[in-house]
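Architecture at a glance
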Amino acid sequence: MSRSDDTLLLANVSRRGLLKGLAGGSALLLAARWDIGLANEQAQFGAGVMPGGWVDNPNVFIHIDTNSIVTFINNRAEMGQGIRTSLAMVAADELGADWERVQVRQADGDQDKYGNQNTDGSRSMRHWYEPMRRAAAAARLMLEQAAADQWDVPVHEVQAGIHKVLHPATGRELGFGDLADAARKLDVPDRSALVLKPDSELRFIGKETGLINGELKSAHPKAIDGEDIVTGKAVFGADIDLENTLYAVVARPPVYGARIKSVDDSETLKVPGVEKTIRIEGASQPAAFSPLGGVAVVASNTWAAMEGRRALKIEWDNAPAGDNADYTSDAYREALEKAAQSPGKVIRQSGDVEAALKEANKRVSATYYMPHMAQAPMEPPVAVVKVENGKAEAWAPVQNPRATREGIAGALGIDIENVIVHQTLLGGGFGRKSKPDFVIEAARVAKEFEGQPIKLQWSREDDIQHAYFHAVSVDHLEAGLDGEGKATSWRHRTLSPSIASLFAPDPKHKGEFELGMGFNTMPFSIPAIRLENPPAPAHVRIGWFRSVYNLPHAWAIQSFAHEMAEAAGQDHRDYVLDLLGPGREIHNLTVGDGWNYGEDPDMHPIDVARMRRVIERATEEAGWGREPQEGRGLGLAFHHSFVSYTAVVFDVEVDDDGELTIHRADIAFDCGRQANPERIRAQMEGSIVMGIGIALQNEVSFKDGVAQQSNFDTYLIPRMPDAPKVVRVHLINNPDDAMGGVGEPGLPPVAPALCNAIYAATGKRIRRLPVGDQLQTS
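In this text, all values refer to a predicted model and were calculated from it rather than measured experimentally.

Per the secondary structure count, the chain includes 20 helices and 32 strands. Out of the 778 residues in the chain, the part that is buried amounts to 60%. Looking at the chain alone, contacts between residues at least 24 apart form 77% of all its contacts between residues at least 6 apart. As displayed, the chain offers around 28800 Å² of accessible surface, 47% of which is attributable to carbon and sulfur atoms. Averaging the positions of the 81 positive and the 106 negative side-chain charges in the chain gives two centres separated by 1 Å.

Now the structure itself:
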């Protein structure tokens, strides 16, 4: 299989050769090709196959003022993961910029100029690390050439230092600002002239900082937005407030697909500050990113708009919603559990599972349930849109500015070139803000107020009850064990509505990318395996949620592996290491996965040795095997996702009243080469807390098509007492391996590890999430 062209930009070395060269500290000469369009067009994997591909032109991303301020343009959404800091840090390190003289400006939505800007899939660093280093290396060479021209010396006699260029032979030096005007007039050099810095010259990339697990590490750049965020100066979507703004909220149909039968707004129009009500037509199913429809209330302030909405009298017609109006979570779960007892679409098969199960010395079976969840970012959806003279301008906290521009253009019937999207900071995203329905709503309202900005605000209730929900799931597993407890067979049936139902007629089966999230890529070495996918229809909007289908797959597989170990009477860690088998690389196509998170399977195979390593590290650090105390237990789970590897161990205690205390969490993580370890640690810590919520509390249930939770009093999230007393993050740096994702892969093993620990402490098996009151004794 040929590799994508963007992996062949390095002269005479494979990407693995490049990574080993970087790790070994050698400088690397880049190949002579600057035809980005051709490279992206021919790409089969990675950044090159994403819409818009990659860009590494320094004139796009780097600007140096004559006062020596270096401005890096960030083309990815900042939603707390620190990408504005991390990408700028990568570029600053390669360029040689003084961090105290660095600033970052957010790019507007412009995929043609900045390359792909859709921030999801844990792709930002793994797709933009190399382009940003190349852009900075080119800028550095341009500064060196400008200095050489001014001094009338060969360019090889000069070298860039920290924020200046030196001529060692004569001791002369010029600051970046002194050279800025001359450098920007030069042609961008060919890649054949670019030399990336060896690791020995890097100041920031891969470096630790601060007090890490009790050890003081070296200094490191501060978060570029950190001070502004904690002092309230940072600008999120909700902070945009333009002159002459009107404010809007929307009453949406409580059932997906319902329509307005009648509306009485007479009382609404009596509310002081209310100016107008506007009907928004809902899209037919599947809705994709189109608004659900309803009635917008526009007022001089948000409170008046909300009070006006409260006064609306709307009669909804559920007939267009079809079966969605009958959707009730308890009945749906029962239907899926019944369907899980029958064969489904075969996804992967090896050996004779039926025969092996019949011949097994012992059979183990279990069914696991995970409910719908809402992303519930701390900042609910919000957007400001102004429409004037056939053009639209939007300010919004979106993950996908291209889809936002397309959605606005489609809603208004204008060309996409007449739409500007300013991407603000996001107060959390988790996949919700990659769907720009809320911005399109604002655009439809703004169309009625030519030249006047409309700020459309969602409440927390709006956000939870009208989310793009994480898919509900039922997973049924069976295994056969021989006389020594070794697994001889494995059958797994997984049932969930598909995200594809959002964009096309409901397929009722998971798609390739959904199955590739830990289901058909299950790495256990078992003689007979059969993986099936029975149908599961969608009745609500199904959308991306952090880690997506890795969550139910890891929850079921890791819980069941623990049940197998218990049935075999063996230690859980030893048992799963035996299930994994020896260290080896599994090519994704051999297990029926043609997706592999969009990455080259030759570069990103399923590496069992790396999986074993994170398990061994997490259990060693957690003190696995120590004498257990009554009411206390350790639990383990692990998972491979977004081409990275994670293992988690919890130390928990459950008292006689069923009260849970999480004493400690140890998480071992391997994403290959690390760019910003400080942010990797933060993502792992956040994954632990979010995963605890998934395990213990998160659930959106439905009755007759209507979400039953509405705010944080009913849609529960972790509070401080729920968090571990101690979280230890153990990073495994593999600079020889290609870079993996970070934002999502820490999350999938958290819930099963916690529930396995609860079993170790109490003997009570959790198979239905959230745990809720299942531990209560009365």
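And the narrative resumes.
One open sheet holds the 7 strands; their spatial order is S13-S14-S11-S21-S18-S19-S20, and the pairing between them is mixed. Unpaired on one side and paired on the other, strand S13 (274-280) and strand S20 (419-423) mark the two borders of the sheet. Sheet twist, expressed as the average angle between the axes of neighbouring strands with direction ignored, equals 20°. Note that strand S11 (residues 246-251) and strand S14 (residues 294-299) share 5 bridges and pair antiparallel. Note on S14: the bridge partner recorded for Ala-251 is Val-295.

This brings us to the pattern of salt bridges. Scanning all chains against the criterion turns up 42 salt bridges. Its salt-bridge partner being Glu-478, residue Arg-363 comes within 3.1 Å of it at the nearest N-O pair. In this pair, Arg-363 sits in strand S17 (residues 362-370) while Glu-478 sits in strand S22 (residues 473-481), placing the two residues 115 residues apart along the sequence. Classification of Arg-363 as partly exposed rests on a relative accessible area of 48%.

Turning to the nonpolar core, a few remarks are in order. Among the nonpolar cores identified, the biggest contains 115 residues, and Trp-490, Phe-524, Phe-560, Met-564, Phe-650 and Leu-754 are the most heavily contacted of them. Counting residues per element, this core draws most heavily on helix H16 (residues 550-568), at 9 residues. With residues up to four places along the chain from it excluded, the contact list for Phe-560 reads Val-364, Ser-365, Ala-366, Tyr-368, Leu-477, Glu-478, Ala-479 and Trp-490. Met-132, Val-158, Ala-160 and Leu-202 belong to the second-largest nonpolar core, a separate cluster that totals 51 residues.

Right, let's get into helix H12 (residues 401-412). Along its 12 residues, H12 runs 16 Å from first to last C-alpha, staying within 8% of the 16 Å computed at 1.5 Å per residue. Pro-401, Ala-403, Thr-404, Arg-405, Gly-407, Ile-408, Ala-409 and Leu-412 are the residues of H12 that are buried. Buried positions along H12 lie against strand S18 (382-388), strand S19 (391-396), S20 and helix H13 (437-446). Phi turns positive, to about 70°, at Gly-413, one or two residues after H12.

On to the side chain of His-167, then. Topologically, His-167 is positioned in strand S6 (residues 164-167). Here the side chain of His-167 touches Glu-157 through a polar contact of 3.0 Å, side chain to side chain. His-167 has contacts with Trp-151, Val-153, Glu-157, Val-158 and Arg-172, leaving out every residue within four places of it along the chain.

Among the surface-exposed residues, Glu-630, Glu-653, Asp-655, Asp-656, Asp-657 and Glu-659 lie close enough to one another that they form a single negatively charged patch. Among the structural elements, Asp-657 can be located in the loop between strand S28 (644-654) and strand S29 (660-670). Residue classification places Asp-657 among the exposed positions, given a relative accessible area of 51%.

Another point: helix H4 (residues 83-95). Here H4 is 13 residues long and its end C-alpha atoms lie 18 Å apart, about the 18 Å a rise of 1.5 Å per residue gives. Among the residues trailing H4, Gly-96 stands out with phi positive, at a value near 95°.

All right, on to the packing of H16 against helix H17 (residues 572-580) then. Remark: H16 packs on H17, axes separated minimally by 9 Å, with the N-to-C direction vectors making an angle of 110°. On the basis of their axis angle, the class for H16 and H17 is roughly perpendicular. Considering only the axes of H16 and H17, their crossing is right-handed. Each of Gln-558, Ala-561, His-562, Met-564, Ala-565 and Ala-568 in H16 lies in contact with H17, whose residues at this interface are His-572, Tyr-575, Val-576 and Leu-579. In the contact of H16 with H17, the residues fall into 7 nonpolar, 3 polar and no charged.

Bringing the sheet that holds S22 into the picture now. If you walk across this open sheet you meet the 5 strands as S16-S24-S23-S22-S17, and the pairing is mixed. In the strand order of this sheet, the two ends are held by strand S16 (345-350) and S17, each with one partner. Sheet twist, expressed as the mean angle between neighbouring strand axes with direction ignored, is 10°. Relative to S22, S17 runs antiparallel, the two sharing 9 bridges. Looking across to S22, one finds that Lys-362 is bridged to Leu-481. Packing of H16 onto the sheet brings it into contact with S17, S22 and strand S23 (487-495), and relative to S17 it is tilted by some 150°.

Now for the confidence of the model for the chain. On average, residues of the chain score 93 in pLDDT, and 93% of them reach the 70 mark or higher. Overall, residues 1-34 carries pLDDT values under 50, and its contacts beyond four positions in sequence, including any with other chains, amount to 97 contacts.

Let us now look at the packing of aromatic side chains. According to the stated counting rule, one finds 16 aromatic pairs in the structure shown. Centroid distance Phe-61 to Tyr-114: 6.2 Å. Interplanar angle 50°. Geometry classified as tilted. With Phe-61 in helix H3 (residues 58-61) and Tyr-114 in helix H5 (residues 111-114), the pair connects residues that are 53 residues apart, well separated along the chain. For Tyr-114, a relative accessible area of 8% puts it in the buried group. Between Tyr-327 and Tyr-332, the aromatic rings sit 5.1 Å apart at their centres with planes inclined by 85°, giving edge-to-face as the arrangement. Tyr-332 carries the same exposure label as Tyr-327, and that label is buried. Positioned above the aromatic ring of Trp-458, the side-chain terminus of Arg-432 is 5.1 Å from the ring centre. The ring of Tyr-468 is capped by Arg-541, whose NZ or CZ atom sits 3.8 Å from the centre of that ring.

Within strand S27 (residues 632-641), 9 of the 10 residues are buried, which leaves it mostly tucked inside the rest of the structure. Examined bridge by bridge, S27 and S28 share 10 bridges and lie antiparallel to one another. In the sheet register, Leu-634 faces S28, and the bridge partner there is Asp-651. Linking two consecutive strands that pair antiparallel, namely S27 and S28, is a turn of 2 residues; a positive phi of about 50° is found at Phe-642 within it.

Turning next to unusual backbone geometry. Between Gln-285 and the following residue, Pro-286, the backbone shows a cis peptide bond with an omega angle of 0°. Tracing the backbone shows Pro-286 in the loop between S13 and S14. The amide bond that connects Leu-769 to the next residue, Pro-770, takes the cis arrangement and shows omega of -5°. At Ala-288, a position not held by glycine, the phi torsion is positive, near 50°. Examined against the element boundaries, Ala-288 turns out to sit in the loop between S13 and S14. Its identity is not glycine, yet Val-548 carries a phi of approximately 55°, on the positive side. The topology assignment puts Val-548 in the loop between strand S24 (528-533) and H16. Taking relative accessible area as the criterion, Val-548 reaches 5% and is therefore assigned buried.

Cut-offs applied
Residues numbered from 1 in each chain as written. Predicted model: local features only at pLDDT ≥ 70, side-chain atom pairs only at ≥ 80, totals over all residues. Heavy atoms only, no water. Helix = DSSP H or I, 4+ residues; strand = E, 2+ residues; numbered from the N terminus. Buried < 20%, exposed > 50% of the residue type's maximum accessible area, 1.4 Å probe, protein only. Contact = heavy atoms within 4.5 Å. Areas by Shrake-Rupley, 256 points an atom, 1.4 Å probe, with all protein chains shown as cover. Lys, Arg positive; Asp, Glu negative; His and termini not counted. Charge placed at Lys NZ, Arg CZ, Asp CG, Glu CD. Pairing = 2+ DSSP bridges. Axes fitted to C-alpha atoms, helices over the stretch in contact; angles between N-to-C directions. Salt bridge = Lys/Arg side-chain N within 4 Å of Asp/Glu carboxyl O. Core = buried A, V, L, I, M, F, W, Y, C linked by side-chain atoms within 4.5 Å. Expected span 1.5 Å × (residues − 1). Polar contact = N/O pair within 3.5 Å; in protein donor to acceptor, adjacent residues only side chain to side chain. Patch = residues over 30% accessible without salt bridge, like charges linked within 9 Å, V, L, I, M, F, W, Y side chains within 5 Å. Parallel < 35°, antiparallel > 145°, perpendicular 65-115°, else oblique. Left-handed = near helix turned anticlockwise from the far one by under 90°. Nonpolar A, V, L, I, M, F, W, Y, C, P; charged D, E, K, R; others polar. pLDDT = per-residue confidence, 0-100. Phe/Tyr/Trp six-rings, centres within 6.5 Å; stacked < 30°, edge-to-face > 60°. Lys NZ or Arg CZ within 6 Å of the ring centre and 35° of its normal.

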